[in-house]
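For reference, the chains in residue letters:
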Amino acid sequence: MQCFRKLMLAAFFIAVLASQAFCADFDLAQKSTVETILKRGELLVGLDAGYQPFEMVDKKGEIIGFDVDLAKELAKAMGVKLTIVNTDYDGIIPALLADKFDIILSGMTLTQERNLQINFAEPYIVVGQAVILNKKLEDKVKSYKDLNDPKFTVASRIGTTGEMAVKRMIPKATYKSFDKEADGALDVVNGQSDAFVYDLPFCVVFMAQQNSPNLVLLDKPFTYEPLAIGLKKGDPDFLNFLNNFMAQIRADGRYDRIYDKWIKSTSWFQNVQ
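These remarks concern the structure in this document. (Residues numbered from 1 in each chain as written. Predicted model: local features only at pLDDT ≥ 70, side-chain atom pairs only at ≥ 80, totals over all residues. Heavy atoms only, no water.)

Side note on the overall build of the protein
Reasoning step 1: Along the backbone of the protein there are 10 helices and 14 strands.
Reasoning step 2: Sorting the 273 residues of the protein into buried and exposed places 45% on the buried side.
Reasoning step 3: Taking contacts inside the protein between residues at least 6 apart in sequence as the whole, the part at least 24 apart equals 69%.
Reasoning step 4: Counting every atom, the protein has about 14,400 Å² of accessible surface; 53% of that belongs to carbon and sulfur. (Helix = DSSP H or I, 4+ residues; strand = E, 2+ residues; numbered from the N terminus. Buried < 20%, exposed > 50% of the residue type's maximum accessible area, 1.4 Å probe, protein only. Contact = heavy atoms within 4.5 Å. Areas by Shrake-Rupley, 256 points an atom, 1.4 Å probe, with all protein chains shown as cover.)

Some points on the nonpolar core
Where a protein is soluble and globular, its nonpolar side chains tend to be buried together.
Reasoning step 1: Phe-66, Ile-103, Tyr-124, Ile-125, Ile-132 and Trp-268 are the most contacted members of the largest nonpolar core, which totals 54 residues.
Reasoning step 2: Examining the composition of this core, we find that seven residues originate from one element, helix α8 (residues 200-210), more than from any other.
Reasoning step 3: Look past the residues within four positions of Phe-66 in its chain and what remains in contact with it is Pro-53, Phe-54, Tyr-124, Ile-125, Tyr-255, Ile-258, Tyr-259, Trp-262 and Ile-263.
Reasoning step 4: Counting 17 residues, the second largest nonpolar core, distinct from the first, contains Tyr-144, Ala-165, Val-216 and Leu-218. (Core = buried A, V, L, I, M, F, W, Y, C linked by side-chain atoms within 4.5 Å.)

Brief notes about helix α7 (residues 181-189)
In an α-helix, one turn spans 3.6 residues, which is why side chains three or four residues apart end up on the same side.
Reasoning step 1: Of all the positions in α7, only Glu-181, Gly-184, Ala-185, Asp-187, Val-188 and Val-189 are classed as buried.
Reasoning step 2: Buried residues along α7 sit in contact with β8 (129-134), β9 (153-157), β10 (174-178), β11 (195-199), α8 and β12 (215-218).
Reasoning step 3: After α7 finishes, the residue Gly-191 shows a positive phi value of roughly 80°.

As for the side chain of Asp-67
Reasoning step 1: Structurally, Asp-67 is set in helix α3 (residues 66-78).
Reasoning step 2: As a buried residue without a salt bridge, Asp-67 has its nearest oppositely charged side chain in Arg-250, at a separation of 10 Å.
Reasoning step 3: Leaving out residues up to four positions away in the same chain, Asp-67 has contacts with Phe-54, Glu-55, Leu-105, Ser-106, Gly-107 and Tyr-124. (Lys, Arg positive; Asp, Glu negative; His and termini not counted. Salt bridge = Lys/Arg side-chain N within 4 Å of Asp/Glu carboxyl O.)

Some thoughts on the layout of surface pockets
Reasoning step 1: Reported here for the largest pocket is a volume of approximately 270 Å³.
Reasoning step 2: Lining the largest pocket are 14 residues, with Lys-31, Thr-33, Asp-99, Lys-232 and Asp-235 sitting closest to its centre.
Reasoning step 3: For the lining of the largest pocket, the elements supplying multiple residues, two or more each, are α1 (2-31) and α2 (33-40).
Reasoning step 4: Among the elements that make up the lining of the largest pocket, the one with the highest residue count is α2 (three residues).
Reasoning step 5: Looking at the lining of the largest pocket, its residues break down into three nonpolar, four polar and seven charged. (1 Å grid on protein atoms, 1.4 Å probe; cavity = no way out; pocket = protein on both sides within 12 Å on 5 of 7 lines; lining within 4 Å. Points joined across faces, edges and corners; volume = space filled by probe spheres on them. Nonpolar A, V, L, I, M, F, W, Y, C, P; charged D, E, K, R; others polar.)

Structural notes on the pattern of salt bridges
Once the charged atoms of two side chains with opposite charge are near each other, the side chains can pair.
Reasoning step 1: Within the structure shown, the criterion is met by 11 salt bridges.
Reasoning step 2: Close ionic contact of Lys-76 with Glu-73 constitutes a salt bridge, the shortest N to O distance being 3.9 Å. Within this pair, Lys-76 and its partner Glu-73 are both found in helix α3, separated by three residues, close to a single helical turn.
Reasoning step 3: Judged by relative accessible area, Glu-73 falls into the buried class, the value being 16%.
Reasoning step 4: Here the salt bridges do not stand alone but share partners, grouping Glu-73, Lys-76, Asp-252 and Arg-254 into one network.

Considering unusual backbone geometry
Most peptide bonds take the trans configuration, and most residues that are not glycine carry a negative phi.
Reasoning step 1: Pro-53 follows Gln-52 through a cis peptide bond whose omega is 0°.
Reasoning step 2: With respect to the helices, strands and loops of the structure, Pro-53 is situated in the loop between β1 (42-47) and β2 (56-57).
Reasoning step 3: In this structure, Asp-99 takes a positive phi of about 65° despite not being glycine.
Reasoning step 4: Mapped onto the elements, Asp-99 comes out in the loop between α4 (92-97) and β5 (103-104).
Reasoning step 5: Classification of Asp-99 by relative accessible area gives exposed; the value is 52%.
Reasoning step 6: Unusually for a residue other than glycine, Asn-211 sits at a positive phi of about 45°.
Reasoning step 7: With respect to the helices, strands and loops of the structure, Asn-211 is situated in the loop between α8 and β12.

Shown next as structure tokens:
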């Protein structure tokens, strides 16, 4: 009889603990930003419209760019309206923490320091070092590795991660440094250098500005500098949704269309001059 009572008491405590765990999980789900967005019927996205081609203002005064198109797809997936909250970049993390918007989608690099303050979804693009190549070498140079030869002159800006990448990853190339990134890239346009190594966003914008038949962009970054969506800590449901959203659009072609529009193509540039 005493053994039966112990078993019943144990079963009771297990049931109580299970009930408490269920209530905690239910409460966490109800407090998720996902529920807030769905009830509001609106996704609030914080960005600073000054980082081409990710977010910028066009001739009509509208905010456009890679991140904006990504935000549109996210809002569509949630079945809600999209509202852009243009915010100074220096204060964008404090604004997120103060609930001024739901996510940061503003060309933000995922760094260890930032990750201590907020969470990040899986990176949506890597904007490491890319290569602007003289078109005469298009058939010979397919990646940065092919430039690792003294016969090739590779330029970058002095004191930058571009310079460090050249010296570390293609050390055999003949290196040429410049005080300004535009001067180094123009050296390729003029045929004085074979290639210019720098951050992918700069390379994309430079290609758009020049629209030169003498240039080719090798747009696959060869260093790891990831951009990711930022969100508040303590929200596993929203983080799960964002990661699954990214996986889905990568698989169904939506991501490729956005990438091709803003990174591979430069036709957008005529709308922001």
